[in-house]
Amino acid sequence: MATNLEDSQSSGPPTFEDLGIPRSTDAQPVNTVLGQRRKWNSLTALELVFLVVASLSILSAMGLTIERIVVLALNGQENTDDFTFAIVLLINTAFCLFYIANGIFGERTFELLIFLAGVLTLLAYCVLNYVASDIKDPTHSSRTIKLVRLILIAVLGPFDIVMGCILARQYYLSGNLIFRTVGANIDLQKLCRNMNICESLLKFDLQLQATMVILILSSGTPDDKISTLEILVISIGIPYSVAYSLLGWLSIRFENRVMSAVFLVASLAEPGYIIYKIVDISQNWSQEQLLIQVTIIMAAWAGLGIRLLLLAFFVRAFKNFGKGLKEKAYGSSRLVSGASSSREGYRSLD
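Residues numbered from 1 in each chain as written. Predicted model: local features only at pLDDT ≥ 70, side-chain atom pairs only at ≥ 80, totals over all residues. Heavy atoms only, no water.

Considering the overall build of the protein chain
So, point 1. A count of helices and strands for the protein chain gives 13 helices and two strands.
So, point 2. Looking at the protein chain as a whole, 42% of its 350 residues qualify as buried.
So, point 3. Looking at the protein chain alone, contacts between residues at least 24 apart form 76% of all its contacts between residues at least 6 apart.
So, point 4. Summing over all exposed atoms, the protein chain offers an accessible surface of approximately 18600 Å²; the carbon and sulfur share of this is 67%. (Helix = DSSP H or I, 4+ residues; strand = E, 2+ residues; numbered from the N terminus. Buried < 20%, exposed > 50% of the residue type's maximum accessible area, 1.4 Å probe, protein only. Contact = heavy atoms within 4.5 Å. Areas by Shrake-Rupley, 256 points an atom, 1.4 Å probe, with all protein chains shown as cover.)

See below:
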């Protein structure tokens with residue numbers, strides 16, 4: 001071992017292999033629309049096991065939730081809390097599936113942590129939902145579905161949490177994909193980490209906005225008068241949220257200052273409405289809608305906190321536009337250099 005190290009030092013600078021970093025083509029990331037991503041054959045056995053087990057656990061919970069939604073709809077129970085929370089659960093499990101895939105192939109530490117938080121939330125919901133159904137009607141047939149869902153998440157959930165923590169820590173400490181994306185430049189590595197967190201917060205922000213819209217849509221009763229503001233929020237809430245998140249991602253992707261300015265101005269809309277909604281619910285508590293209202297308050301505070309975090313990381317990314325991160329992260333420089341070399345080749349042939 002010492003002889004090999006001495007030989008490598010005497011023959012020149014240390015190689016990737018000397019530093020423990022494989023140089024095989026399998027380990028090299030591929031350039032995608034979403035940035036640099038790892039290949040299937042570069043995943044370790046631990047990552048593959050986590051990917052399969054975590055996906056199966058979320059898909060199982062999603063399938064049982066869809067079945068529950070169908071049963072409630074057929075029985076005309078669309079206005080119940082059970083139906084509302086089933087819809088919210090379905091949306092959040094869909095986001096969790098994306099976090100699993102993108103967290104592994106993109107080595108996104110923050111998205112794996114969001115997934116772990118989602119698993120804990122799912123476990124808490126399944127426990128409370130089963131207990132509530134047992135208290136209301138011990139003989140109800142839906143208890144079987146809820147029990148199966150609870151057992152699945154109780155068995156697979158702890159495994160997902162432990163494995164997710166191990167991989168999240170590994171990605172944070174190693175930064176292998178970041179290194180292969182921007183190289184050994186420490187400043188660019190910091191900017192790349194900031195960009196990754198910002199993109200992850202954009203997805204989490206969209207998840208919370210979609211949750212808020214569903215909860216607000218279900219918070220009223222047939223006798224309630226919905227204000228013009230509520231109708232506007234419900235009508236354009238989801239399209240606006242998607243457009244807002246897409247605008248933020250495009251602003252970072254192309255380092256466009258005009259789009260960034262529009263994004264920052266648009267960022268003020270949700271916090272303003274959240275504050276209004278918190279005050280409105282605090283002044284109009286309803287025993288019939290207490291569970292929905294409490295959930296809205298919790299989602300509202302979480303959404304406000306995530307929006308502030310998002311703006312902090314976005315502003316930091318905005319201040320560092322033009323420093324070469326865009327070309328490294330999305331391969332623009334490689335495409336340009338490749339085109340230039342092709343043109344030079346044709347000129348030499350002439």
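From this point on, the discussion continues.
Quick word on the packing of aromatic side chains
What describes a pair of aromatic rings is the distance from one ring centre to the other and the angle between the planes of the rings.
So, point 1. In total, this model carries eight aromatic pairs according to the counting rule given.
So, point 2. For the ring pair Phe95 and Tyr99, a centre distance of 6.3 Å and an interplane angle of 40° mean the geometry is tilted. On the criterion of helical spacing, the pair formed by Phe95 and Tyr99 is a turn pair, its members being four residues apart in helix 3 (residues 81–105).
So, point 3. Look at Phe95 and you get buried, because its relative accessible area is 17%.
So, point 4. Classification of Tyr99 by relative accessible area gives buried; the value is 0%.
So, point 5. For Arg253, the ring lying beneath its charged end belongs to Phe254, and the centroid distance is 4.7 Å.
So, point 6. Above the ring of Phe318, the side-chain terminus of Arg257 is found at 5.1 Å from the ring centroid. (Phe/Tyr/Trp six-rings, centres within 6.5 Å; stacked < 30°, edge-to-face > 60°. Lys NZ or Arg CZ within 6 Å of the ring centre and 35° of its normal.)

Here we look at the packing of helix 10 (residues 269–283) against helix 11 (residues 290–319)
So, point 1. One can describe the packing of helix 10 onto helix 11 by two numbers: an axis separation of 10 Å at closest approach and a directional angle of 150°. One element, helix 10, and the other, helix 11, form an angle in the roughly antiparallel class. Handedness of the crossing formed by helix 10 with helix 11: left-handed. On helix 11, the residues that touch Glu270, Pro271, Ile274, Lys277, Ile278 and Ile281 of helix 10 are Gln293, Ile296, Ile297, Ala300, Trp301, Gly303, Leu304 and Arg307.
So, point 2. In the contact of helix 10 with helix 11, the residues fall into nine nonpolar, two polar and three charged. (Axes fitted to C-alpha atoms, helices over the stretch in contact; angles between N-to-C directions. Parallel < 35°, antiparallel > 145°, perpendicular 65-115°, else oblique. Left-handed = near helix turned anticlockwise from the far one by under 90°. Nonpolar A, V, L, I, M, F, W, Y, C, P; charged D, E, K, R; others polar.)

Here's the deal with the nonpolar core
So, point 1. Among the nonpolar cores identified, the biggest contains 69 residues, and Phe50, Phe115 and Leu325 are the most heavily contacted of them.
So, point 2. With 14 residues, the top contributor of residues to this core is helix 7 (residues 186–217).
So, point 3. Once residues within four sequence positions are removed from consideration, Phe50 is found in contact with Ser55, Ile100, Ile104, Leu112, Phe115, Asp160, Met163, Gly164 and Leu167. (Core = buried A, V, L, I, M, F, W, Y, C linked by side-chain atoms within 4.5 Å.)

Description of the pattern of salt bridges
So, point 1. Tallied over the full model, the rule gives seven salt bridges.
So, point 2. A salt bridge links Arg38 to Glu47; the shortest N-O distance between them is 2.6 Å.
So, point 3. Arg108 is the salt-bridge partner of Glu199, the closest N and O atoms lying 3.3 Å from each other. With a gap of 91 residues between them, Glu199 in helix 7 and Arg108 in the loop between helix 3 and helix 4 (109–136) connect regions that are remote in the sequence. Pair check on accessibility: Glu199 and Arg108 agree, each one buried.
So, point 4. By sharing partners, the salt bridges in this structure join Arg38, Glu47 and Glu107 into a single network. (Salt bridge = Lys/Arg side-chain N within 4 Å of Asp/Glu carboxyl O.)

Here's the deal with the environment of Ala302
So, point 1. Its place among the elements puts Ala302 in helix 11.
So, point 2. Separated by 94 residues in sequence, Ala302 and Leu208 place their C-alpha atoms 7.8 Å apart.

Observations concerning the environment of Ala73
So, point 1. Within the fold, Ala73 resides in helix 2 (residues 45–74).
So, point 2. For Ala73, a relative accessible area of 33% gives the class partly exposed.
So, point 3. For the pair Ala73 and Phe83, spaced ten residues apart in the sequence, the C-alpha separation amounts to 8.1 Å.
So, point 4. Residues within four places of Ala73 in sequence aside, it is in contact with Glu78 and Phe83.

A look at the environment of Leu156
So, point 1. For Leu156, the location among the structural elements is in helix 5 (residues 142–174).
So, point 2. Note on Leu156: relative accessible area 22%, which makes it partly exposed.
So, point 3. Each C-alpha atom of the pair Leu156 and Leu56 lies 9.0 Å from the other, and the pair is 100 residues apart in sequence.
So, point 4. If sequence neighbours within four positions are ignored, Leu156 has contacts with Val53 and Ser57.

Some thoughts on the side chain of Ser55
So, point 1. Take Ser55: it is sitting in helix 2.
So, point 2. What Ser55 contacts, discounting residues up to four positions off in sequence, is Phe50, Leu97 and Ile100.

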